[in-house]
Amino acid sequence: MIIESSINKCWEEAMRYFLNNAYSRNMCGKEYLLLDNLTVQAQNYTVEPTLSAFCPWQLRNREYYLSQITSPGKHSEINRLYSFGPNQINQYEYAIKIIKKRKNIKPIVIPIYDPNKDNRENVPTPCISNIALDVSDGVINMHVNYSTMNLFRMALLDYHQMAYLHLNVATESCKEVGKLRISSVQIHMPVFDFIVSKKIFDIGEKDAQVNYKEG
């Protein structure tokens with residue numbers, strides 16, 4: 001597990017770990033680099049207003065991701081926080097209500113995966129499986145579980161988005177921000193992104209150990 005006090009630093013260290021430990025696999029006729037079960041944890045952190053200097057995306061991309069927390073698109077997976085399942089349950093409001101009532105709570109697990117919609121074979125959608133919230137002595141921790149994540153293209157924006165959600169939950173429930181843990185079952189990256197990432201992070205061929213797995 002990667003533990004840092006900065007969202008940007010979490011992503012940077014995750015990228016370095018991926019570049020040094022990913023394995024190659026042919027999927028649907030294309031080469032991908034994969035890594036199983038990666039967890040990052042940010043603690044004693046603040047929501048940074050800028051993206052990592054290693055990130056090629058612009059701040060407007062970050063602003064779009066953050067806006068999805070308060071105004072998600074109809075088909076956005078984040079929208080399932082506010083409208084889940086056939087009964088359109090507002091899970092966000094329910095979680096805030098419970099958290100406000102108690103000083104300490106066991107984890108509240110908010111499902112994002114909806115078996116009524118997400119039952120296509122070999123398609124790990126949505127990317128977020130669930131979000132768990134727990135409170136201890138007025139401090140709220142958040143654990144987000146992803147089924148899959150494109151580390152180079154999406155992960156930093158996802159990390160910032162979840163940090164912003166964590167802050168919103170803490171603010172609305174009158175709690176302090178605690179630890180943010182983000183776990184991914186499978187990290188992936190197309191081979192082109194892998195090559196570009198190595199250039200950006202200046203990791204040479206000898207440093208980036210790439211193994212090959214049949215599949």
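Quick notes on the rules
- Residues numbered from 1 in each chain as written.
- Predicted model: local features only at pLDDT ≥ 70, side-chain atom pairs only at ≥ 80, totals over all residues.
- Heavy atoms only, no water.
- Helix = DSSP H or I, 4+ residues; strand = E, 2+ residues; numbered from the N terminus.
- Buried < 20%, exposed > 50% of the residue type's maximum accessible area, 1.4 Å probe, protein only.
- Axes fitted to C-alpha atoms, helices over the stretch in contact; angles between N-to-C directions.
- Parallel < 35°, antiparallel > 145°, perpendicular 65-115°, else oblique.
- Left-handed = near helix turned anticlockwise from the far one by under 90°.
- Contact = heavy atoms within 4.5 Å.
- Nonpolar A, V, L, I, M, F, W, Y, C, P; charged D, E, K, R; others polar.
- Phe/Tyr/Trp six-rings, centres within 6.5 Å; stacked < 30°, edge-to-face > 60°.
- Lys NZ or Arg CZ within 6 Å of the ring centre and 35° of its normal.
- Core = buried A, V, L, I, M, F, W, Y, C linked by side-chain atoms within 4.5 Å.

> Account for unusual backbone geometry, with residues named and values stated.
In this model, Gln88 sits at a positive phi of 50°, which is unusual for a non-glycine residue. Along the chain, Gln88 turns up in the loop between helix H2 (59-70) and helix H3 (91-101). Overall, Gln88 belongs to the partly exposed group, its relative accessible area being 47%. With a phi close to 55°, Asp137 is a non-glycine residue in the positive phi region.

> Tell me what's going on with the packing of H3 against helix H4 (residues 151-172), and back it up with residues and numbers.
When two helices pack together, their arrangement is given by the angle between the helix axes and the distance between those axes. Across the interface, H3 lies against H4 with an axial gap of 9 Å and an inter-helix angle of 50°. Taken together, the axis directions place H3 and H4 in an arrangement best described as oblique. Crossing angle aside, the handedness with which H3 passes H4 is right-handed. Contacts from Tyr92, Ile96, Ile99 and Lys100 in H3 reach Leu165, Asn168, Val169 and Glu172 in H4. Residue classes in the contact of H3 with H4 are distributed as five nonpolar, one polar and two charged.

> Explain the packing of aromatic side chains residue by residue, including any values.
For any pair of aromatic rings, the description rests on two quantities: the centre-to-centre distance and the angle between the ring planes. Taken as a whole, this structure holds six aromatic pairs when the rule is applied. Arranged with centres 6.4 Å apart and planes meeting at 45°, the rings of Trp57 and Phe152 form a pair that is tilted. Within this pair, whereas Trp57 is found in the loop between strand S3 (30-42) and H2, its partner Phe152 is found in helix H4, the two being separated by 95 residues in sequence. The exposure class of Trp57 is partly exposed, given its relative accessible area of 29%. Taken together, the ring pairs in this structure connect Trp11, Phe54 and Phe201 into an aromatic cluster. If you follow Arg16 out to its NZ or CZ, it ends over the ring of Phe54, 5.3 Å from the centre.

> Just give me the short version of the nonpolar core, but keep the residues and values in it.
Taken as a class, soluble globular proteins show a tendency for nonpolar side chains to be buried jointly. Ranked by size, the top nonpolar core spans 56 residues in total, and within it Phe18, Ile131, Leu151, Tyr159 and Met162 carry the most contacts. The element best represented in this core is H4, accounting for eleven residues.

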